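In case you want the letters, here they are:
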Amino acid sequence: MSIKLLTYLVYMNNRILIDATTIIEKKDGLSQYIISLLNNFSEEALDSYEISVLVNKNLQREEFWEVIKTRGYKTATAYIAPIGPKREWDMFWYLLKHKNEFDLFHSTSNQYPAFLKNGIATVHDITFKKYLNSKWWTFNMGIRFLNFVIKNALKNAAAVIAVSDYTKKDLIDNYKINLRDSEKIKVIYEGWEHLEDIKADESSESFPKINDYLFYVGTTRVHKNMKNLLKAFNIAIASLPKNIKLVVSGNETYLNEDDKSTIAAINKEGERVLLTGFVSNSRLQYLFKNADAFIFPSLSEGFGIPVLESFYFKKPLLCSNTTSLPEIAGDAALYFNPESPENMAEVILQFFYNRKIEAELIEKSAERLKLFSWKKAASETLDLYREILKKKNKN
């Protein structure tokens with residue numbers, strides 16, 4: 001038998017296409033998830049499988065392309081909308097045209113293609129069921145569409161990756177999944193090693209020096225709970241030293257008039273709330289390192305990478321007691337009820353007036369961090385690829 005034929009037989013039914021069309025230029029959790037998986041697949045896996053990455057044309061993301069180059073991935077390019085019905089249409093035509101070029105498709109975002117059978121779906125959360133920032137309010141079309149997408153993934157995918165036990169349970173409870181079908185949902189936690197790759201940025205040297213502050217990073221979407229964080233800080237400042245500030249980094253798009261009014265009221269006698277907008281990774285690192293503590297007031301999270309970021313930077317964590325967050329943070333956080341600004345304010349004051357808590361939280365967070373790893377996530381994802389391909393090859 002010729003070497004060429006042997007090579008063909010080895011790779012037959014081992015061609016994997018990983019969807020990276022949802023990667024964007026700015027820092028976000030989904031992009032980081034995809035990039036980190038690609039960066040942590042083992043060399044053995046890359047030798048055993050023919051892995052290609054589907055990416056949108058003209059994507060500008062240096063971090064992503066560096067991984068593609070150094071790990072030697074093949075890429076396929078297309079124009080695929082990031083979300084919504086147009087994404088279904090774009091993906092339909094792409095996969096129809098190229099269906100014979102891969103044996104397994106991994107959908108890394110929540111939107112698994114409606115017509116695709118026996119691929120791998122990823123569900124990061126189903127936050128949309130309670131909190132949806134969307135223009136499709138007519139007849140709840142946004143929620144209806146996203147419900148359709150998740151139901152389809154649970155029905156047609158060969159396996160579904162959930163990023164936490166909470167997300168798995170949320171899927172089972174909301175979509176009435178029986179015990180047998182629930183076995184196709186595999187929990188694979190996310191990781192933190194991407195933080196080790198942050199390079200020094202000379203421009204950070206000119207970044208305004210900030211000290212004595214509580215730090216939050218993320219978007220201002222409804223479920224991120226900026227409204228109650230601002231209310232809580234407004235309550236707490238009456239009892240906090242005047243040098244203590246709240247620094248907020250990230251997308252400010254969804255700040256509403258009430259939020260802006262609260263910020264204006266807090267800052268009336270001096271700037272106590274600072275909004276940085278998006279910052280570079282190195283500047284974000286600076287803000288973490290110089291903070292007194294990190295606060296995460298979210299109402300709903302499928303995993304919550306900022307929890308691991310606070311652990312990595314050895315910052316005490318003040319955290320919501322809801323959804324996946326206690327599962328990820330364990331005993332390494334001071335918890336509050338995110339629906340209660342008063343309770344959140346109590347926890348803020350508890351931290352600042354009992355700094356002995358700091359050392360205990362940091363020690364516990366170092367132990368929690370050991371439970372999570374992108375290398376582990378990549379290894380478990382590859383095990384799932386192997387399992388699905390093995391089943392397919394038997395049929």
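Structure report, in brief. Bear in mind the structure is a predicted one, so any value in this text is a computation, not a measurement. (Residues numbered from 1 in each chain as written. Predicted model: local features only at pLDDT ≥ 70, side-chain atom pairs only at ≥ 80, totals over all residues. Heavy atoms only, no water.)

Take empty space enclosed by the protein next. For the structure shown, the criterion picks out one cavity of 30 Å³ or more. Its boundaries defined by the atoms lining it, the largest cavity holds a volume of some 30 Å³. A per-class count over the lining of the largest cavity returns four nonpolar, one polar and two charged. (1 Å grid on protein atoms, 1.4 Å probe; cavity = no way out; pocket = protein on both sides within 12 Å on 5 of 7 lines; lining within 4 Å. Points joined across faces, edges and corners; volume = space filled by probe spheres on them. Nonpolar A, V, L, I, M, F, W, Y, C, P; charged D, E, K, R; others polar.)

Its location among the elements puts Phe-233 in helix 9 (residues 226-236). Its relative accessible area of 0% is what places Phe-233 among the buried residues. Phe-233 sits 57 residues away from Lys-176 along the chain, and the two C-alpha atoms are 40 Å apart. Excluding residues that lie within four positions of it along the chain, Phe-233 makes contacts with Leu-240, Ile-244, Lys-245, Leu-246, Ile-266, Arg-272 and Val-273. (Helix = DSSP H or I, 4+ residues; strand = E, 2+ residues; numbered from the N terminus. Buried < 20%, exposed > 50% of the residue type's maximum accessible area, 1.4 Å probe, protein only. Contact = heavy atoms within 4.5 Å.)

Another point: the layout of surface pockets. The computed volume of the second largest pocket comes to approximately 910 Å³. Going through the elements one at a time, helix 2 (29-40), helix 4 (62-71) and helix 11 (281-290) are the ones with two or more residues in the lining of the second largest pocket. A class-by-class count of the residues in the lining of the second largest pocket yields seven nonpolar, 10 polar and 13 charged.

Taking 1.5 Å of rise per residue, the 21 residues of helix 16 (residues 374-394) would be expected to cover 30 Å, and the 30 Å separating its terminal C-alpha atoms lies within 8% of that figure. Every buried residue of helix 16 is listed here: Trp-374, Ala-377, Ala-378, Thr-381, Leu-382, Leu-384, Tyr-385, Ile-388 and Leu-389. End-on, the buried residues of helix 16 take up no more than an arc of 155 degrees, which puts them together on one face. Seen from the open side of helix 16, the exposed residues pointing more than 90 degrees away from its buried face are Lys-375, Lys-390 and Lys-394. A distance of 3.0 Å separates the backbone nitrogen of Lys-375 from a side-chain oxygen at the start of helix 16, and that oxygen is part of Ser-373. (Expected span 1.5 Å × (residues − 1). Arc of directions from axis to C-beta. Polar contact = N/O pair within 3.5 Å; in protein donor to acceptor, adjacent residues only side chain to side chain.)

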